[in-house]
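The chain contents come next:
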Amino acid sequence: MSSAADGRHEPLAPPRANAYRDTWATGAIEQPVGKEIAVSGWAHRRRDHGGLVFIDLRDRSGVLQIVFHPEHAAEAHEQAGSLRAEDVVSVRGKLVRRSDETINPNLPTGHLELQANELTILARSETPPFQVDDDGHVDESLRLKHRYLDLRRGTIAPIIALRHRVIQKMREVLNERDFLEVETPNLTRPTPEGARDYLVPSRVRPGNWYALPQSPQLYKQLLMMGGIERYYQIARCFRDEDLRADRQPEFTQLDIEMSFVEGEDVIEVTEAVLSAVLAEGGIHVETPFQRMCYAEAMGRFGSDSPDLRYGLEIVNLDKVFAGSEFKVFASVLSGGGTVRAINAGARELSRADLDELTEFVRGHGAGGLVWAFVEEDGGWRSPIAKFLSDQERADAVAATGAQTGDLLLAVADTDVHTAATALGALRRNLADRFELVQPGDHRLVWVVDFPMLEWNEGEKRWDPLHHPFTAPRGDLSDPATLMSDAYDIVMDGWEIGGGSLRINDPVVQHKILEVIGIDAAEAQERFGFLLEALKYGAPPHGGLALGLDRLVALIAGADSIRDAIAFPKSATGADPLTGAPAGVDERQIRDLHLVSTAPPPVAADASAAGPDSEAPDASDLGASGADPKV
RNA sequence: GGGGGCGUAGCUCAGUUGGUUAGAGUGCCGGCCUGUCAAGCCGGAGGUCGCGGGUUCGAGUCCCGUCGCUCCCGCCA
């Protein structure tokens, strides 16, 4: 299999001529034929004809073929015969034009080659654990363990370069608009996003803890109170929650905050940043972006981050079945619940497929799934057909726009939110199953008009949908009806950013904290510094944060943000390369005034670590040297 | 915390109903080879079937446990 590295051509300014090189591999294109040049890089592939030896030399810019003639440079040819994959070399020679019949159209440098005079082997490579010159699938934990090799391949390197360009474009757009890039601390007080904090014990203040920031939220508000007015930061954020394909324990946001702004100002800046960034990735979008209120997103798409690249919209059938004698529907509707359906279209699904979908929606909290194939005479092939009247079936068909042969999938649930989100998940499942997304299609949408609070049944309290510093709209004495000045930006079903206007009135801030169950004493204890700052003339302000990892992954077409991060964690939060997290020396724990209640760390599986594992050895692992293996 | 999938040669994978000596491609090693570019031809080495236990005359295959990877729910913007 070939490698994207073969076709790579990153245009780079010529390097300063030194002992190693004076030209990038693909920089040879700009050099005159006949010139003596020097290049350095890795032996990407070799083709040894016994007489002639060809080496594809790879550096960051791409690939250049080197040819070693035994009669032109006997010594270099001799050495070249010993080269193996990933050996590091420097080659000096004459740049020549290939004869017409030996041109390789698959290489940007395919019309050229370097006729070697002199070869220096700078470093030898053992046989790599996987092929660097091949972009085929390799187990991800092996790739992560040898990420430095993975980064050389044609799969990850271009995404890392894209990430750089995205960040530079962000800076460019914001710098032009007079934003200041300001850094905020990573050793902080716990912030209120609601995720679990990563905690760092203080050595010099026994019993006290820093929290790594879940976001720079409070600091950026303090910057507004500090008169910075326009702030941004490429900020690392930390949340100690379980991972997903789009979630890492540490991730990066473009964090933005502005003073004396309305929501429209924040939206306008964000659209300017995003459209410039997407254009950098070859995706051209029109501004202003579409907007949709939260209630509509939940109703039509069953999600607060709707994927608009395909239909399968959710249809409310409450009216259709309002007087139904079908007991399931009747009891759900009389209990304040809802009956909703998706018209999946004309699909060939077996009974086993339908059972699988039923289990799927159950996994998302729904009690079950009603399926029905619409037949020619208006009848339904469905387990519940006999319980429904002709009129109900006809009305449901009309409401869903169903044609003969279409499959209707319905969920009935007393909890409206559960019915909506289960169908939202089903909608994504169907889109994957039937491959409804057109490659290259991208849809951006603002989701706006969020409720300020949502009732947490488990804890019997109101929780903020965003965070407690979001500016509320409406009657503060009626939490259920409060809306917030918040806005999420959604791309292809991924929430890539969110923000809001903030509270700048201490009275309102106190009130909101009180509503969500934080009394004055606790508010003072946790956020006293912010409440204090609000007393001294806080400007109206607002902002937003964009998830950089997700954005880069989306532009690159990657399935996971791990592909957009140079050194990501595995799905269990481990780093197979360094072996983190690991036990520490007992003395370090003592210095931090800590005692561990955890059992001695269990050694990693020997086959996963590998006999030649370069992970830290046992002496670095167990806190008490009790580590039984490795 | 829970559910699904995966784990067989360095890598990517196949392996039938539990039955002889576990295969393929690629890589690796050796030889030949002066215009290849996924070089070619010939030969060769390479396996704790993740790990532990069990059932069985017999386990890569069945059962239990465990570790790792991955997707999802919970959790988390």
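Residues numbered from 1 in each chain as written. Chains lettered and ligands numbered in written order. Predicted model: local features only at pLDDT ≥ 70, side-chain atom pairs only at ≥ 80, totals over all residues. Heavy atoms only, no water.

Caption draft 1: Fine view of the sheet that holds strand 15 (residues 380-381). The strand order 12-13-16-14-15 describes an open sheet built from five strands, whose pairing is antiparallel. Strand pairing shows two members of the sheet lacking a second neighbour, strand 12 (314-316) and strand 15, which therefore form its edges. Here two bridges tie strand 14 (residues 370-374) to strand 15, and the two strands are oriented antiparallel to one another. Counterpart to Phe373 in the pairing with strand 15 is Arg381. (Pairing = 2+ DSSP bridges. Helix = DSSP H or I, 4+ residues; strand = E, 2+ residues; numbered from the N terminus.)

Caption draft 2: Just empty space enclosed by the protein, in detail. Under the defined criterion, the tally for this structure stands at three cavities of 30 Å³ or more. In this structure, the largest cavity encloses a volume near 70 Å³. Looking at the largest cavity, the residues that line it are Leu317, Phe321, Phe329, Ala341, Val370, Trp371, Ala372, Trp380, Ile384, Ala396, Leu408 and Ala410. Looking at the lining of the largest cavity, the elements with two or more residues in it are strand 14 and strand 16 (407-413). No other element matches strand 14, which puts three residues into the lining of the largest cavity. A per-class count over the lining of the largest cavity returns twelve nonpolar, no polar and no charged. (1 Å grid on protein atoms, 1.4 Å probe; cavity = no way out; pocket = protein on both sides within 12 Å on 5 of 7 lines; lining within 4 Å. Points joined across faces, edges and corners; volume = space filled by probe spheres on them. Nonpolar A, V, L, I, M, F, W, Y, C, P; charged D, E, K, R; others polar.)

Caption draft 3: Representation of helix 11 (residues 390-400) within the structure. Every buried residue of helix 11 is accounted for by Glu392, Arg393, Ala396, Val397 and Thr400. End-on, the buried residues of helix 11 take up no more than an arc of 135°, which puts them together on one face. Relative to its buried face, helix 11 has exposed residues pointing more than 90 degrees away, namely Asp390, Gln391 and Ala398. At its buried positions, helix 11 is contacted by strand 12, strand 13 (338-345), strand 14, strand 15 and strand 16. Once helix 11 finishes, Gly401 follows within two positions and takes phi at roughly 65°, a positive value. (Buried < 20%, exposed > 50% of the residue type's maximum accessible area, 1.4 Å probe, protein only. Arc of directions from axis to C-beta. Contact = heavy atoms within 4.5 Å.)

Caption draft 4: Structural detail: the domain arrangement of chain A. Under the domain assignment, chain A is made up of domain 1 (4-136), domain 2 (158-282 + 450-550) and domain 3 (310-433). In this structure, domain 1 and domain 3 have C-alpha centres spaced 62 Å apart. (Domains from an automatic or database assignment.)

Caption draft 5: Here's a closer look at helix 5 (residues 157-176). Taking 1.5 Å per residue, 20 residues should reach 28 Å; helix 5 reaches 29 Å between its end C-alpha atoms and fits that length. Regarding helix 5, the residues found buried are Ala157, Ile159, Ala161, Leu162, Arg163, Val166, Ile167, Lys169, Met170, Val173 and Leu174. Elements in contact with the buried residues of helix 5: strand 9 (230-238), strand 10 (250-259), helix 7 (263-280) and helix 15 (548-556). Note on helix 5: the residue one or two positions beyond its end, Asp178, has a positive phi of about 70°. (Expected span 1.5 Å × (residues − 1).)

Caption draft 6: Expanded view of a negative patch on the surface. Taken together, the side chains of Glu36, Glu75, Glu78 and Glu118 make up a negatively charged region of the molecular surface. Positionally, Glu36 belongs in strand 1 (residues 36-48). In this structure Glu36 comes out as partly exposed when scored by relative accessible area, which is 42%. (Patch = residues over 30% accessible without salt bridge, like charges linked within 9 Å, V, L, I, M, F, W, Y side chains within 5 Å. Areas by Shrake-Rupley, 256 points an atom, 1.4 Å probe, with all protein chains shown as cover. Salt bridge = Lys/Arg side-chain N within 4 Å of Asp/Glu carboxyl O. Lys, Arg positive; Asp, Glu negative; His and termini not counted. Charge placed at Lys NZ, Arg CZ, Asp CG, Glu CD.)

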